[in-house]
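# Breakdown of the fold
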Amino acid sequence: MYAPIQFIPRRNVKSFSFNGHEVPANTWILLAPQIAHFDSEYYSDPEQFKPQRFLQPAATLKPFSFVPFCKGSHMCLGMKFAYMEIKAVVYRLLLTKELSRDEHASLNLQYLPIVKPEAAMKVNFASRRV
């Protein structure tokens, strides 16, 4: 749900107009992937944790609707390793455990320099009935 980096600095190579504002070439711009990740135009119930929404092939997602590692020539070099690593860990974990968090506990996030919970977040692990 939350991109690891909250702002991606870029400079535009050409001037452009955005919402009635002229932006000259070579202006520093901060892109915020979080805005797209929580946009109801792209995702139903965007504020709900629903990993199954990404089971569809990436080619069917709208361009730039999911950009946790940026896009194009500036894509994070560690992206493929991060995807592989988390899939391996979660796969092994979910073979034997069900995870849940205390629904009554609030989740307050620290956004800079990277997104993480402000305080420890307890996760419950229950044995999966096989």
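Located above this text is the structure these notes cover.
Presented here is a report on the structure given in the accompanying data block. Values in this document were obtained by computation on a predicted structure and should not be read as measured data. (Residues numbered from 1 in each chain as written. Predicted model: local features only at pLDDT ≥ 70, side-chain atom pairs only at ≥ 80, totals over all residues. Heavy atoms only, no water.)

## Regarding the overall build of the protein
How we decide: Labels follow the DSSP assignment, with helices taken as runs of H or I lasting at least four residues and strands as runs of E lasting at least two, numbered in each case from the N terminus. Based on C-alpha atoms, the radius of gyration is set beside the globule rule, defined as 2.2 Å times the residue count to the power 0.38. Two residues qualify as a contact provided that any one of their heavy atoms is within 4.5 Å of a heavy atom in the partner residue. Here the Shrake-Rupley method, with its probe set to 1.4 Å, supplies the accessible areas, and only the displayed protein chains count as covering residues.
A count of helical and extended segments in the protein gives 2 helices and 8 strands. Reading the secondary structure of the protein in the N-to-C direction produces β-β-β-β-α-α-β-β-β-β. Relative to a compact globule of 130 residues, whose C-alpha radius of gyration would be 14 Å, the protein shows 18 Å and is clearly more extended. The dimensions of the protein, computed from C-alpha atoms along their principal axes, are 60 × 30 × 25 Å. For the protein, restricting intrachain contacts to residue pairs at least 6 apart in sequence, the fraction spanning at least 24 positions comes to 45%. When the accessible area of the protein is evaluated, it comes to approximately 10700 Å², of which 61% is carbon and sulfur surface.

## Remarks on the packing of aromatic side chains
Keep this limit in mind: Two rings from Phe, Tyr or Trp (for Trp, the six-membered ring) form a pair when their centres are within 6.5 Å of each other. A pair whose planes differ by under 30 degrees is stacked, one over 60 is edge-to-face, and the rest are tilted. The rule is simple: take the accessible area with a 1.4 Å probe, protein chains only, and divide by the maximum for that residue type; under 20% is buried, over 50% is exposed, in between is partly exposed.
Under the criterion given, the structure shown has 1 aromatic pair. With a centroid separation of 6.5 Å and 70° between ring planes, the pair formed by Tyr42 and Tyr43 is classed as edge-to-face. Given the relative accessible area of 31%, Tyr42 is considered partly exposed. Classification of Tyr43 by relative accessible area gives buried; the value is 4%.

## As for unusual backbone geometry
Peptide bonds are trans in most cases, and residues, glycine excluded, mostly fall at negative phi. Its identity is not glycine, yet Asn19 carries a phi of approximately 50°, on the positive side. Here Asn19 lies in the loop between β2 (16-18) and β3 (21-23). On the basis of relative accessibility, which here comes to 65%, the residue Asn19 falls in the exposed class.

## A short note on the pattern of salt bridges
Keep this limit in mind: Whenever Lys or Arg places a side-chain nitrogen within 4 Å of a carboxyl oxygen from Asp or Glu, that contact is recorded as a salt bridge.
As enumerated under the stated definition, the model contains 2 salt bridges in all. The closest approach of N and O atoms between Asp45 and Lys50, which form a salt bridge, is 2.8 Å. Given the relative accessible area of 25%, Lys50 is considered partly exposed. Across the pair Glu98 and Arg128 runs a salt bridge whose closest N-O atoms are separated by 4.0 Å. Here Glu98, found in strand β5 (residues 97-101), pairs with Arg128, found in the segment after β8 (123-127); they are 30 residues apart in sequence, far enough to count as distant. On the accessibility criterion, Glu98 (42% relative accessible area) is partly exposed. Looking at Arg128, the relative accessible area reads 35%, which means it is partly exposed.

## Focus on the environment of Phe7
Within the element layout of this structure, Phe7 appears in the segment before β1 (8-11). Judged by relative accessible area, which is 40%, Phe7 ranks as partly exposed. In this structure Phe7 touches Leu30, Leu31, Ala32 and Leu112, once residues within four positions along its chain are discounted.

## Some words on a nonpolar patch on the surface
For the record, the criterion: Patches here are clusters of residues that have more than 30% relative accessible area and form no salt bridge, with a 9 Å joining cutoff for like charges and a 5 Å cutoff for nonpolar side chains (Val, Leu, Ile, Met, Phe, Trp, Tyr).
A grouping of Ile86, Val89, Val90, Leu94, Leu99, Leu107, Met121, Val123 and Phe125 is seen on the molecular surface, where their side chains present a nonpolar patch of about 720 Å² in accessible area. Among the secondary structure elements, those contributing two or more residues to the nonpolar patch are α2 (79-96) and β8. The dominant element in the nonpolar patch, judged by the number of residues it contributes, is α2, at 4 residues. The topology assignment puts Leu94 in helix α2. By relative accessible area, Leu94 is classed as partly exposed at 36%.

Read these as layout, nothing more, since geometry by itself doesn't imply function.
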